[in-house]
Amino acid sequence: MVPRTQYRHLLRLAARHKTTSSVSFQGRLQAGVSRQLSTLPARRQAPKQDAAVPETSSSPPPPPPPPPPIVTLDPTAPTTTATSPVIPESSAPPPPPPPPPPPPPKPKNKFRLVPTFLFAASFAFVGLVAGTSLRLFISPPTPPTPGTDQDKYLISTLHDQAAQLPIVKQLSADPAWQSWDAYDSLSEAHKNQHIAAGALRGSRGVGGFQRIFHNKATGELVSVIFFGPATIGWPGVVHGGCLATILDESCGRAAFQQWGGLPGVTASLGITYKAPTLANGFYLVRCRPRAEEDLPATERGKRHYKVFVDATIEDPVSGKVHVAAEALFVGGSKNKKGGLLSKVGDVGGDAHARF
């Protein structure tokens, strides 16, 4: 039976030994244990060798094994495990910092509902205005019948609003411009048969306000007009045919003024629509007869019976052009080259000067 080595006793002693380096201590301990273990088989097998070797052998006996090293241990050293290195206290990780304190609760706002209420009220107001405007744009109210008290009141209101326009103030204060209301020279019987003075009369049409300004020196004619709801084609937009009618009449006024009030007829009228013309605002109709030097050589000298007119419908404030037109009128007085007065009726003087 193999004798047991006092390994447990060595471990107990090693646990009480305090060293600065655990690696060197373990090396010395393992070396001592190995040397002690290496002597045990030699001691056990020594008698067997003696028995096997005859006494007459001249071989010397084996030398005795060296004694085990004496290890001096400090009995006051703290008990520690040999396989676990001692970690200095200075290398231990610092403890985690304490968690930050929770933020203090926010004070309750007694008026937190005020912004929400204001936003809701503003949104409702915008929706109401937009909805009302859309409804009036798509389905406007029925205009008053011409000649009623309501119609007269609206006409009076339109005149007051037109008087505040800068262009009306400017032309009214300039003595170079003469002004009159449209269709002023037409008789009542003629007005009833007239498309603008009859069918579109009153505040519902072009009879709400249409003031004519004429510059005799330049021949330019400016009409300030309000298009009423009876002129609508598309919702809120003046019908193109109504715009053509107004342009035809305005260009005819400018041409008739060139002939001293004598009438004529429209030979050609070209119109270009550039922007929608709304039926709830004031507009300017400018008509400019072309000067003699602006005409082609083949058309010069014929102004007594042929007049070319350029016209526009503009915004009275911004000057934006909504409609542009050019027209040719023929008529005027008889002469040796031939005129068209006999074809439209022999009407002289100022009969058509202020229509």
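Our subject is the structure that appears above.
Residues numbered from 1 in each chain as written. Predicted model: local features only at pLDDT ≥ 70, side-chain atom pairs only at ≥ 80, totals over all residues. Heavy atoms only, no water.

**What about the overall build of the protein?**
Just so we agree on the cut-off: The helix count covers DSSP runs of H or I at least four residues long, the strand count covers runs of E at least two residues long, and both are numbered beginning at the N terminus. Exposure categories follow from relative accessible area, calculated using a 1.4 Å probe and restricted to protein chains: below 20% of the type maximum is buried, above 50% is exposed, and the middle band is partly exposed. The contact criterion used throughout is that any non-hydrogen atoms of two residues lie within 4.5 Å. A 1.4 Å probe and the Shrake-Rupley method give the accessible areas. Residues count as covered only by the protein chains that appear here.
In terms of regular secondary structure, the protein is built from 9 helices and 7 strands. Within the span of the protein, comprising 355 residues, buried residues form 30% of the whole. For the protein, long-range pairs separated by at least 24 residues make up 71% of all intrachain contacts whose partners lie at least 6 apart in sequence. Just so you have it, the protein exposes about 23,400 Å², and 61% of that area is on carbon and sulfur atoms.

**A short note on the nonpolar core**
Threshold: Only buried Ala, Val, Leu, Ile, Met, Phe, Trp, Tyr and Cys residues count toward a nonpolar core, and they belong to the same one when joined by side-chain atoms within 4.5 Å.
By size, the foremost hydrophobic cluster in this structure holds 36 residues, and its most contacted members are Tyr183, Val206, Phe227 and Cys287. For this core, the elements supplying multiple residues, two or more each, are helix H7 (195–199), strand E3 (221–226), helix H8 (240–258), strand E5 (282–289), strand E6 (306–314) and strand E7 (321–331). If sequence neighbours within four positions are ignored, Cys287 has contacts with Gly219, Glu220, Leu221, Ser250, Cys251, Ala254, Val309, Asp310 and Ala311. Listed in part, the 14 residues of the second largest apolar core include Ala162, Val168, Phe209 and Phe226.

**With respect to unusual backbone geometry**
Notably, Tyr183 is not glycine yet its phi reads approximately 65°, a positive angle. On the secondary structure map, Tyr183 appears in the loop between strand E1 (177–181) and helix H6 (188–193). Since its relative accessible area comes to 6%, Tyr183 is described here as buried.

**As for the state of the cysteines**
Cut-off, in case you're wondering: In this description, the term disulfide denotes a pair of cysteine sulfurs within 2.5 Å.
This structure, assessed with the given rule, holds 0 disulfides. Just so you know, Cys251 is unpaired, no disulfide at all, and the nearest cysteine sulfur is the one on Cys287, 4.2 Å from it. With a relative accessible area of 0%, Cys251 lands in the buried category. Note on Cys287: relative accessible area 0%, which makes it buried.

**A few points about a nonpolar patch on the surface**
Condition: Patch membership is restricted to residues that have no salt bridge and whose relative accessible area is over 30%. Joining uses 9 Å for like charges and 5 Å for the nonpolar side chains Val, Leu, Ile, Met, Phe, Trp and Tyr. For salt bridges, the criterion is a side-chain nitrogen of Lys or Arg within 4 Å of an Asp or Glu carboxyl oxygen.
On the surface, Val114, Phe117 and Leu118 cluster together to form a nonpolar patch covering roughly 310 Å² of accessible area. Assignment of secondary structure puts Phe117 in helix H3 (residues 113–138). When its relative accessible area of 60% is taken as the criterion, Phe117 is described as exposed.

**With respect to the environment of Gly261**
Relative to the helices and strands, Gly261 resides in the loop between H8 and strand E4 (264–273). Judged by its relative accessible area of 0%, Gly261 falls in the buried class. Along the primary structure Gly261 and Gly332 are separated by 71 residues, whereas in three dimensions their C-alpha atoms are 8.5 Å apart.

**With respect to the pairing of E7**
Residues in a regular strand point their side chains to alternate faces of the sheet. Operational definition: DSSP-based pairing: two strands are paired if at least 2 bridges between them are found.
Within E7, 9 of the 11 residues are buried, which leaves the element mostly enclosed by the surrounding structure. Of the pairings in the sheet, the one linking E4 to E7 comprises 9 bridges and is antiparallel in character. Bridging from a neighbouring strand, Val265 pairs with Val330 of E7. Both E6 and E7 contribute to a ladder of 9 bridges, which runs antiparallel.

**Points about the side chain of Ser250**
The residue Ser250 is located in helix H8 in this model. Overall, the relative accessible area of 0% leaves Ser250 in the buried class. Not counting the four nearest positions on each side in its chain, Ser250 is found in contact with Leu221, Ser223, Val285 and Cys287.

**What about the pattern of salt bridges?**
On inspection of all chains with the given rule, the structure shows 10 salt bridges. Asp181 is paired through a salt bridge with Arg211; the nearest N and O atoms lie 2.9 Å apart. With Asp181 in strand E1 and Arg211 in strand E2 (residues 210–215), this residue pair connects regions lying 30 residues apart in the sequence. Assessed through its relative accessible area of 23%, Arg211 is described here as partly exposed. Three or more residues joined by partner-sharing salt bridges are found here, namely Glu220, Arg286, Arg288 and Glu314.

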